[in-house]
Amino acid sequence: MTGLEIILAVVVAVLVLAVALGAWRFRRLSGRYAERYAEAPVGVVWTEKGKLHATDLALEFLQVEELPDLAALTAALADDHATIFDNALEALRLDGTSFSLTLDTREAHSTVNLEGRRSGDEIIIWTDDATTTAWLTESYAKAEQETNFFREFLDLLPVPVWWREPRELTLIGCNKAYAAAMEQSREEILGGAKELGAGHIGQRGRALARRALKVSEPVSESHYVVVGGKRRLLDFSEAVVGPVGARIGGFALDRTDLEEGQALLAAHVAAHDQVLENLGTAIIVFGADKRLKFYNQAYLRLWGLESDALSGDPGFGEIMELLRSRRKIPEIVDFPAYKQEQELKFVRLLEPEEELMHLPDERTVRVVTAPHPLGGLMMMLEDVTDRLALERSYNTQIAIQQTTLNNLFEGVAVWGSDGRLRIWNKPFQEMWGFEEVFLKREPHIGEMLDYTRTQWFHRVPDDQWQIQRQTLIVNFTEPKRMNRQIDRIDGRSIDVAHVPLPDGQCLVLYSDVTDTVRVERALAERNAAFEKADLLKAQFISNVSYELRTPLNAIQGFASILSSEYYGSLNDRQAAHVQHILDAADTLMELINDILDLATIQAGFIDLDLGELPLDKLVTQAMEAVRLHAETQHLTIEVKGEVPEQVLHCDAARLVRALSNILDTMISFSPRDHISISVADYTDKVHVIFAGRYGEDEEEDRELLSRRFSGNDPHALRTGAGLSLALAKSFVDLHKGQVLLDTDHGDGFAIICELPRHSLGPVKLAVAGASAQD
């Protein structure tokens, strides 16, 4: 081994020894730091070669059992404060920025102070419990705040207040009222220990405080003191405040007004007694000792007593016994219990109490018992016998009046000259929809108009409404006899009548005339409609007569020319078609004539051409008119029995047409092949009876016949059968007769034409303006 190698080996050995020695010293030093940290008065958390250590006190402050790493320290803090700690710790790691934080722990919600420092690569966190410190600080602040509050509160009191130290009894504090009474500053008063009141009064204040300290309870006495240049009576009070010997507090109350009030009260009582003596109402006053203190002459007159009976200030019970012995109070079965109950009012009565006493002599006395301001009871008695009788009579009359008003159909209301509602009934309330509570408080007419404006009347501009409102108020407050009508927005019409009363009030009657107005309007509209209908009917008759007949006459004329083969011969098919045209034209002409006749009758533009016509001839002509129709339908028409030799005064053509239309209707409807005609002669009328029989379904035929006769059969209207029957009824009505339906005639049905037996005389239904043939 060379010398160089030996030197190097020695150097390495020295270095190894130094490192080992340093590690040993470091471990020893670390152990020494750990011992010091454990003995520290605050908790310590530190890192050593990346490992986290914590003292027991730190674990206790943080409310955890162990701290394996810094994450566990973060987890020991409340959620919102853990974030603050993480940010501060990160800054400490990166750039060595120290921190000092006060944070809440997660467990038990305690508060800890954390101060972080970096020593080389290591981190040391000092912990301290901040909960007690915070509580003491907060308690001190609250105590200071409460002390300031009471000082300021005492300064707000309008009476002088002071407090003393318990040994020498010198003043150590006072409020603003005390300083104002002394007319000095608080510093001057406390510096010179100046008492309220000059001379011996101040000495009396200390003596009073010494007595309060001796007896350990509040003591008081009154003295006259000059305050603000005026002589005032002050009531001084001293008392021990707090633990025995802690403080002596005092205050002074100004009793000057009370003293003056007592003197004034004595004068008022004397004047009050003089006034009561001259009243007509009986009054008696008992003191708190239940003995008589005052009575007036009206009391003696009410009971018929002499003044000697009440001499010697008798008690309440003695006077009750006196009145009972003279039968001046109601007969009571258990009088001792009644008297005891009355005497209890001396201690229980707080508000005036009123009652009625019905006496044995048939009088009624109103008794008002009230507590007396000076103690005891005051009783006011009044004979109300006559007044009650008058009130009963008046109430009966009012009840009768109100019942009468409530049972009227019209609304009734009475307004005073001041415009306020005095009397009203139920119909008035219901008519205008007012609440009963609203009416009972006697509202002004202006208030009621404003309410009804939005409820029942059409909206008008405000400026116009103010003019209308003022006019209406004058109508109620300065009434004149007048009538007017109101149309409400709900369609109701109200008739209003104003009647001035002798005392200046205004009686207003409200009548609902809606139905009357509606009937009048309906009649007016109906009359106008009738007039228009008459005009339309006249125009219809004129137009139909010309507009329909003119083209129909042309059709019939040209069809007749074709039928006569004037322009050449026709083959059989053409001739048949032309004949159909002629037949249809004849049928249409008959329908037009029926329509015109019916319209003319309904319009009143028809005259009957009256003449003599035997009844048998009437029946024969009617049968002949429908003969072809009956043969086409394979029906047989026969006359049963004898036709009376009766001559009718009638319009032969129209009456024959009426009977033929009835027969035509029978032919169109009859389900069987046989129709019979019979005539029944009565004293004042003649019945022409057209009888037929039902088909296989009798109920269906009966219903169909009823609808056709009443005009409700659509098929009959389409075929023209309904028009023929309606025209027949109209012609018979013109002859003062009627057409009847008998659905249970024999074994079938019958249509009966009832005609008057005697001569009808000339009949004029309307002024002849146009005939059916025009």
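Going by the structure above, here's the rest.
Keep in mind that this is a model prediction, so the values were computed, not measured.

What counts, and where the lines are drawn
Residues numbered from 1 in each chain as written. Predicted model: local features only at pLDDT ≥ 70, side-chain atom pairs only at ≥ 80, totals over all residues. Heavy atoms only, no water. Axes fitted to C-alpha atoms, helices over the stretch in contact; angles between N-to-C directions. Helix = DSSP H or I, 4+ residues; strand = E, 2+ residues; numbered from the N terminus. Parallel < 35°, antiparallel > 145°, perpendicular 65-115°, else oblique. Left-handed = near helix turned anticlockwise from the far one by under 90°. Contact = heavy atoms within 4.5 Å. Nonpolar A, V, L, I, M, F, W, Y, C, P; charged D, E, K, R; others polar. 1 Å grid on protein atoms, 1.4 Å probe; cavity = no way out; pocket = protein on both sides within 12 Å on 5 of 7 lines; lining within 4 Å. Points joined across faces, edges and corners; volume = space filled by probe spheres on them. Phe/Tyr/Trp six-rings, centres within 6.5 Å; stacked < 30°, edge-to-face > 60°. Buried < 20%, exposed > 50% of the residue type's maximum accessible area, 1.4 Å probe, protein only. Lys NZ or Arg CZ within 6 Å of the ring centre and 35° of its normal. Patch = residues over 30% accessible without salt bridge, like charges linked within 9 Å, V, L, I, M, F, W, Y side chains within 5 Å. Areas by Shrake-Rupley, 256 points an atom, 1.4 Å probe, with all protein chains shown as cover. Salt bridge = Lys/Arg side-chain N within 4 Å of Asp/Glu carboxyl O. Pairing = 2+ DSSP bridges. Arc of directions from axis to C-beta.

Asks: Could you clarify how one ought to interpret the packing of helix H22 (residues 615-625) against helix H24 (residues 652-669) in this entry?
Replies: Describing two packed helices takes the angle between their axes plus the distance from one axis to the other. Between H22 and H24, the shortest axis-to-axis distance is 8 Å and the interhelical angle comes to 50°. When the interaxial angle is binned, H22 and H24 end up oblique. The two elements H22 and H24 meet at a crossing, and its hand is right-handed. Of the residues in H24, those in contact with Leu 618, Gln 621, Ala 622, Met 623 and Ala 625 of H22 are Leu 655, Val 656, Leu 659, Ser 660 and Leu 663. Tallied by class, the residues present in the contact of H22 with H24 amount to eight nonpolar, two polar and no charged.

Asks: I tried to follow empty space enclosed by the protein on my own but got confused; where do I start?
Replies: It is a probe the size of a water molecule, rolled over the atoms, that shows where empty space is left. This structure, assessed with the given rule, holds four cavities of 30 Å³ or more. Computed from the structure, the largest cavity encloses a volume of approximately 200 Å³. Taken together, 16 residues line the largest cavity, and the ones lying closest to its centre are Phe 316, Met 320, Leu 323, Met 357 and Met 379. At the level of secondary structure, the elements contributing two or more residues to the lining of the largest cavity comprise strand E11 (282-286), helix H10 (297-303), helix H11 (316-325), helix H12 (335-343), strand E13 (353-358) and strand E15 (377-383).

Asks: How do you make sense of the packing of aromatic side chains when you look at a structure like this?
Replies: Given two aromatic rings, their pairing is described by the distance between the two centres and the angle made by the two planes. If you walk through the whole model with that rule in mind, you get 17 aromatic pairs. Relative to Tyr 510, the ring of Trp 432 has its centre 5.9 Å away and its plane inclined at 80°; by these criteria the two rings are edge-to-face. Of this pair, Trp 432 sits in helix H15 (residues 426-432) while Tyr 510 is found in strand E20 (residues 506-512), placing the two residues 78 residues apart along the sequence. Given the relative accessible area of 4%, Trp 432 is considered buried. Under the relative-accessibility criterion, Tyr 510 is labelled buried at 5%. The interplanar angle of 45° and the centroid separation of 5.3 Å between the aromatic rings of Tyr 694 and Phe 749 together place this pair among those described as tilted. Note that Tyr 694 is positioned in the loop between strand E25 (685-692) and helix H25 (698-710) and Phe 749 in strand E27 (residues 748-756), a separation of 55 residues in sequence. Through pairs of rings, three or more aromatic residues link up here, namely Trp 415, Phe 428, Trp 432, Phe 434, Phe 438, Phe 476 and Tyr 510. Sitting over the ring of Tyr 224, Arg 231 keeps its end group 3.6 Å from the ring centre. Directly above the aromatic system of Tyr 682 lies the positively charged group of Lys 685, at a separation of 6.0 Å from the ring centroid.

Asks: Is there a simple way to explain the environment of Glu 152 in this structure?
Replies: As for its placement among the helices and strands, Glu 152 is situated in helix H5 (residues 131-156). Here Glu 152 falls in the exposed class, since its relative accessible area comes to 54%. When the C-alpha atoms of Glu 152 and Lys 176 are compared, they prove to be 9.4 Å apart, with 24 residues separating the residues in sequence.

Asks: Explain a nonpolar patch on the surface here, please?
Replies: Where nonpolar side chains cluster on the molecular surface, the patch consists of Phe 149, Phe 150, Phe 153 and Leu 156 and spans about 460 Å² of accessible area. Looking at the secondary structure, you find Phe 149 in helix H5.

Asks: Mind showing me how you'd approach the sheet that holds strand E26 (residues 738-745) here?
Replies: Consider a sheet: its strands pair through backbone hydrogen bonds, and that pairing is either parallel or antiparallel. Taking strand neighbours across the sheet as the criterion, the five strands line up as E22-E24-E25-E27-E26 in an open arrangement whose pairing is mixed. In this open sheet, the two strands that pair with only one neighbour each are strand E22 (636-639) and E26. Direction aside, the axes of adjacent strands within the sheet are offset by 20° on average. Pairing analysis gives four bridges linking E22 to strand E24 (residues 674-681), with the strands arranged parallel. By the bridge assignment, Ile 637 is partnered in E24 with Ile 675.

Asks: It is not clear to me how the layout of surface pockets should be interpreted in this structure. Could you clarify?
Replies: Each pocket or cavity is described by its volume, and for the second largest pocket that value is around 420 Å³. Around the second largest pocket, the lining comprises 21 residues; the ones closest to its centre are Leu 449, Phe 457, Leu 472, Arg 484 and Ile 486. Elements that contribute at least two residues to the lining of the second largest pocket include exactly H15, helix H17 (445-456), helix H18 (462-477) and strand E18 (482-487). Of the residues assigned to the lining of the second largest pocket, the class counts are 14 nonpolar, four polar and three charged.

Asks: I would appreciate a short explanation of the packing of H11 against H12 in the present structure.
Replies: Where H11 contacts H12, the axes come no closer than 10 Å and their chain directions differ by 140°. Relative to H12, the element H11 lies oblique. The hand of the H11/H12 crossing is right-handed. Of the residues in H12, those touching H11 at Phe 316, Gly 317, Met 320, Glu 321 and Arg 324 are Phe 335, Tyr 338, Lys 339, Gln 342 and Glu 343. The residue inventory of the contact of H11 with H12, partitioned by class, reads four nonpolar, two polar and four charged.

Asks: How should I be thinking about H22 in this particular structure?
Replies: Helical geometry note: an α-helix holds 3.6 residues per turn, so side chains three or four residues apart project in the same direction. All buried positions along H22 are accounted for by Leu 615, Leu 618, Val 619 and Ala 622. Down the axis of H22, the smallest arc covering the buried residues is 95°, so these residues share one side.

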